[in-house]
Amino acid sequence: MAYIVRKAKIADTANIWKILQQAIYRRKIDGSNQWQDGYPNIETVETDIQKGFGYVLEIHGQIAAYAAIIFDIEPAYEIIEGNWLSSGEYVVIHRVAVSDEFAGKGIATKLFKNIEELAKSKSVFSIKVDTNFDNLPMLSILDKLGYTYCGEVYFRGAARKAFEKILS
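## Describing the packing of aromatic side chains
Given two aromatic rings, one states the distance between the centres and the angle between the planes to describe the pair. Tallying each qualifying case throughout the model produces five aromatic pairs. Each ring, one from Tyr77 and one from Trp84, has its centre 5.1 Å from the other, and the planes form 45°; the classification is tilted. For Tyr77, a relative accessible area of 2% gives the class buried. When the centroid spacing of 5.8 Å and the interplanar angle of 85° are considered together, the rings of Phe112 and Tyr147 count as edge-to-face.

Have a look at this one:
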């Protein structure tokens, strides 16, 4: 399967928003509370793209997945109930979503592996990510890829499981 990961463009906004809406619905069907409060929304996508955070994974020219990849400090990660593995530079991954058409085919795993390579190419050797306690698919991916549970961080008043992976 030929795929590429690239920065999202404004022209991708509608496709990305559709994928996020599908993921929001999947979280609901799975019984998860994650993303059931009006976040993320289309403005979130537009802001991600404008700030250069939005990335897509394309398969044969079709957007299959989306993530915000942030090479900057995540203010919510400054306070953790627990301990991060490292205290230096890190990459943050937010808003990972796979289209219904490609769900369950290992696309999120491919996306994470590409993000790890992108981080290393920029000489950043730590990735930090958080997810809801009831987002079982994401918890499974993080476990499979060797992310370490570090504790809890808080977003919009809610506790989230925080993970880190040190890249070699």
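## Notes on the layout of surface pockets
In this structure, the largest pocket occupies an estimated 730 Å³ of space. The wall of the largest pocket is formed by 39 residues, among which Arg27, Gln34, Val96, Asn135 and Met138 lie closest to the centre. Secondary-structure elements contributing two or more residues to the lining of the largest pocket are α1 (13-29), β5 (91-98), α3 (107-121), β6 (126-131), α4 (136-144) and β8 (158-166). Ranked by residue count, the leading element in the lining of the largest pocket is β5, at six residues. Taken as a whole, the second largest pocket encloses approximately 240 Å³ of empty space. The wall of the second largest pocket is formed by 16 residues, among which Phe53, Ile70, Glu74, His94 and Arg95 lie closest to the centre. Contributing elements (two or more residues each) for the lining of the second largest pocket: α2 (42-51) and β5. The element contributing the most residues to the lining of the second largest pocket is α2, with four residues. Considered class by class, the residues forming the lining of the second largest pocket number seven nonpolar, three polar and six charged.

## Observations concerning the side chain of Asn135
Relative to the helices and strands, Asn135 is located in the loop between β6 and α4. A polar contact of 3.0 Å, which involves the side chain of Asn135, links it to the side chain of Gln34. Look past the residues within four positions of Asn135 in its chain and what remains in contact with it is Arg27, Ser32 and Gln34.

## Description of unusual backbone geometry
Tyr39 connects to Pro40 through a cis peptide bond whose omega is -5°. Phi is positive for His60, which is not a glycine, with a value near 50°. Positionally, His60 belongs in the loop between β2 (54-59) and β3 (62-70). Positive phi is not limited to glycine here, since Ser123 has a value of about 55°. Within the element layout of this structure, Ser123 appears in the loop between α3 and β6.

Calculation notes
The numbering scheme is per chain: residues are counted from 1 as the chain's sequence reads. In view of the model being predicted, local features appear only for residues whose pLDDT reaches at least 70, and side-chain atom pairs are presented and counted only at 80 or more, with totals across whole chains, interfaces and linings using the full set of residues. Heavy atoms throughout the structure, all of them, feed into the side-chain values; hydrogens and water do not. Centres within 6.5 Å make a pair out of two Phe, Tyr or Trp rings, where for Trp the six-membered ring is used; the pair is then stacked when the planes are under 30 degrees apart, edge-to-face when over 60, and tilted otherwise. Whether a residue is buried, partly exposed or exposed follows from its accessible area with a 1.4 Å probe, protein chains only, as a fraction of its type maximum: under 20%, in between, or over 50%, in that order. Every definition here rests on a 1 Å grid over the protein atoms only: cavities are sets of points where a 1.4 Å probe fits but cannot get out, pockets are open sets enclosed by protein on both sides within 12 Å along at least five of seven lines, and lining residues have some atom within 4 Å of a point. Grid points are joined across faces, edges and corners, and a volume is the space filled by probe spheres set on the points. Secondary structure is summarised from DSSP: a helix means a run of H or I of at least four residues, a strand means a run of E of at least two, and numbering begins at the N terminus for each. Put simply, Ala, Val, Leu, Ile, Met, Phe, Trp, Tyr, Cys and Pro go in the nonpolar bin, Asp, Glu, Lys and Arg in the charged bin, and everything else, Gly too, in the polar bin. Within 3.5 Å is the distance limit for a polar contact, defined as a pair of N or O atoms, with the added protein rule that one can donate a hydrogen and the other accept it, and that residues adjacent in sequence qualify only through two side-chain atoms. Contacts: residue pairs with any heavy atoms within 4.5 Å of one another.

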